[in-house]
Amino acid sequence: MTIIDSLRTAARVLVVSHIRPDGDTLGAALAVKAVCDRLHVPCDVVCDDEVPATYRFLPGAETINTHLEKKYPLCVAVDCGDIFRMGKFRGYIESSADSVNIDHHKTNDSYAKHNYVRSASSTCEILYGQLEKSGLLDEVSAVCLYCGLSTDTGNFMHSNTDAHVFKVAADLVEKYGVVPNALVNKLYRSKPYHRLRLIARAIESMRFFEHNAVCMISVQQSDLDELGCALSDTEGLIDYAMDLGTTEIGICMTEQGNQYKVSLRSKGFDVAAVAAQFGGGGHTAAAGCIVKDSYENAVERLLGAVRNVR
């Protein structure tokens, strides 16, 4: 059975994005919704966090979380490395008669009835491979897929960018009318002033370890409050650590109550192995976890974990 078979035969579909949503999970979710719309299958999209302002231009983004039924014959999880990434909506994949898991994280434990999990640049790349011959893709779904492809590759700069990624991007442009420059402007050149101030604050917070090979960015709750920023505004801050020529591993710590949300990036080391030491996961070059500790203790524990993989 294919993803299209599951969607076509469902009376109603629920698509779940992961907590702290990014362009890949939202792009994949809204692409599935666009396909369901063409199949005339009722489809709702939910996320256990607010959609970041950056992605609210995506077709259908305004419908996320606006409607939810009690039961769904089919639940589709997109870009959720484990069932807990679905947040408060994880019960739906357990209670639905049919379930689909589409993901590209190597730590995914295949928690659904049908699992489309493999190594790829993004969940949107996997989804395109499943949908390209269906005749159901159009400009709406293509824009959503291109968003996920672009954001999860750092706009085609990360090491997960290969020839196939460029082929998928070219198909979305040539066959379905995606305009890359228009999307680039919306995704990367439409930052509000308060987020630019947060970027400046993050750069000022940089600390360097291991002879400048490790760059750490810290965002405290007081920073977010003072600048009028939300947690979603911290997405992408880790990239500024990786812009430095000396950086081998970048770490961004964001305070959340009595714990820190940690994003990890590398130029070759396995940061998924670092995240795993704190119950997190991800990819070799990009991973994340939660560290429950005071700030300085969290810093020391993270550095110890980094030393174990360098």
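Our structure is the block above this text.
In this numbering scheme, every chain counts its residues from 1 along its sequence in written order. Per-residue local features of the predicted model are confined to residues with pLDDT of at least 70, and side-chain atom pairs are confined, for both listing and counting, to 80 or more; whole-chain, interface and lining totals are unaffected and use all residues. Side-chain measures here rest on the full set of heavy atoms in the structure, leaving out hydrogens and waters.

The next subject is the overall build of the protein. Assigned secondary structure in the protein consists of 12 helices and 11 strands. Both definitions apply: the radius of gyration is a C-alpha atom measure, and the globule rule equals 2.2 Å times residues to the power 0.38. Taking 310 residues into account, the globule formula puts the C-alpha radius of gyration at 19 Å, and the protein, at 19 Å, falls close to it. Referenced to the eigenvectors of the C-alpha coordinate spread, the extents of the protein come out at roughly 55 × 40 × 35 Å. To sort residues, take the accessible area from a 1.4 Å probe on protein chains only and compare it with the maximum for the residue type: under 20% means buried, over 50% means exposed, and anything in between is partly exposed. Counting across all 310 residues of the protein, residues that qualify as buried make up 53%. At a minimum sequence separation of 6, the contacts of the protein that also span at least 24 residues come to 64%. Computed with the Shrake-Rupley method and a 1.4 Å probe, the accessible areas treat only the protein chains shown as cover for residues. Approximately 13600 Å² of the protein is accessible, and the part contributed by carbon and sulfur atoms is 50%. Across the protein, the centroid of the 31 positively charged side chains sits 2 Å from that of the 39 negatively charged ones. Labels follow the DSSP assignment, with helices taken as runs of H or I lasting at least four residues and strands as runs of E lasting at least two, numbered in each case from the N terminus. A contact between two residues is defined here by any heavy atoms of the two lying within 4.5 Å. Charged residues are defined narrowly, with Lys and Arg counted positive, Asp and Glu counted negative, and His plus the chain ends left uncounted. Charged side chains are reduced to one point each, which is NZ for Lys, CZ for Arg, CG for Asp and CD for Glu.

What follows deals with the environment of Leu68. Position of Leu68 relative to the elements: it lies in the loop between β2 (43–46) and β3 (74–78). Not counting residues within four places of it along the chain, the set of residues in contact with Leu68 comprises Leu14, Asp44, Val46, Phe89 and Tyr92.

This brings us to the packing of aromatic side chains. Aromatic rings from Phe, Tyr and Trp, with only the six-membered ring used for Trp, were paired whenever their centres fell within 6.5 Å, and each pair was classed as stacked if the ring planes differed by under 30 degrees, edge-to-face if by over 60, and tilted otherwise. In total, this model carries 5 aromatic pairs according to the counting rule given. Look at Phe89 and Tyr92: their rings are 6.4 Å apart centre to centre, the planes differ by 40°, and that puts the pair in the tilted class. Of the two residues, Phe89 and Tyr92, both sit in the buried class. One aromatic cluster is present, built from ring pairs that chain together Tyr72, Phe89 and Tyr92.

Next up on the list: helix α2 (residues 23–39). Helix span, expected: 1.5 Å multiplied by one less than the number of residues in the helix. In this model, α2 (17 residues) spans 24 Å end to end at C-alpha, consistent with the 24 Å of a helix rising 1.5 Å per residue. Judged by how many residues are buried, α2 sits mostly within the fold: 15 of 17 residues are covered. At the N-terminal end of α2, a side-chain oxygen is found 3.2 Å from the backbone nitrogen of Asp24, two or three residues along, and the residue is Asp22. In the segment just after α2, His40 is the residue with positive phi, at about 60°. Polar contact is the term for a pair of N or O atoms within 3.5 Å; when the atoms are in protein, one must be able to donate a hydrogen and the other to accept it, and sequence-neighboring residues count only if both atoms are side-chain atoms.

Looking now at the packing of helix α5 (residues 139–152) against helix α6 (residues 163–174). Throughout, an axis means a line fitted to C-alpha atoms (over the contacting stretch in the case of helices), and angles, computed between N-to-C directions, take values from 0 to 180 degrees. The contact between α5 and α6 brings their axes to 10 Å, and the two run at 155°. When the axis of α5 is compared with that of α6, the two are roughly antiparallel. Crossing handedness for the pair α5 and α6: left-handed. Between α5 and α6, the residues in contact are Ala142, Leu145, Tyr146 and Leu149 and Val165, Val168, Ala169, Leu172 and Val173, respectively. Lys, Arg, Asp and Glu make up the charged group, whereas Ala, Val, Leu, Ile, Met, Phe, Trp, Tyr, Cys and Pro make up the nonpolar group; the residues left over, Gly among them, are polar. Tallied by class, residues from the contact of α5 with α6 come to 9 nonpolar, no polar and no charged. Should an angle fall under 35 degrees it is called roughly parallel, over 145 degrees roughly antiparallel, and 65 to 115 degrees roughly perpendicular, with every other angle called oblique. Two helices crossing with the near one rotated counterclockwise from the far one by less than a right angle form a left-handed crossing, whereas a clockwise rotation gives a right-handed crossing.

Our focus in this paragraph is the pattern of salt bridges. Any two side chains of opposite charge can pair, given that their charged atoms come close. Any carboxyl oxygen of Asp or Glu that lies within 4 Å of a side-chain nitrogen of Lys or Arg is treated as forming a salt bridge with it. Tallied over the entire structure, the rule returns 13 salt bridges. Measuring nitrogen to oxygen at the nearest pair gives 3.3 Å for the salt bridge that ties Asp171 to Lys167. One end of the pair, Asp171, and the other, Lys167, are both in helix α6, 4 residues apart, so they sit about a helical turn from each other. What makes Asp171 buried here is its relative accessible area of 7%. We classify Lys167 as partly exposed; its relative accessible area is 47%. Its salt-bridge partner being Asp171, residue Lys175 comes within 3.9 Å of it at the nearest N-O pair. Overlapping salt bridges bring together Glu210, Glu248, Arg307 and Arg310 as one network.

On to α5, then. When the terminal C-alpha atoms of α5 are compared, their 20 Å separation across 14 residues agrees well with the 20 Å that a helix rising 1.5 Å per residue should span. Within α5, 12 of the 14 residues are buried, which leaves it mostly tucked inside the rest of the structure. Looking only at α5, the buried set comprises Ser141, Ala142, Val143, Cys144, Leu145, Tyr146, Cys147, Gly148, Leu149, Ser150, Thr151 and Asp152. Buried residues along α5 sit in contact with α2, α4 (123–131), α6 and α7 (180–188). The N-cap of α5, judged by a side-chain oxygen 3.2 Å from the amide nitrogen of Val140 a few residues on, is Asp138. Within two residues after α5, Gly154 carries a phi angle of roughly 65°, on the positive side.

This part covers the nonpolar core. Ranked by internal contacts, the top residues of the largest apolar core, which has 54 residues, are Leu7, Val13, Val15, Val76, Ile102, Leu127 and Leu172. For this core, the leading source of residues is α2, giving 9 residues. Discounting chain neighbours no more than four positions away, the residues touching Leu127 are Ile3, Ala28, Ala31, Val32, Ile102 and Leu145. To qualify as a nonpolar core, a set must consist of buried Ala, Val, Leu, Ile, Met, Phe, Trp, Tyr and Cys residues joined through side-chain atoms within 4.5 Å. Judged by nonpolar contacts, the second largest core, of 24 residues, contains Val214, Met216, Ala275 and Phe278.

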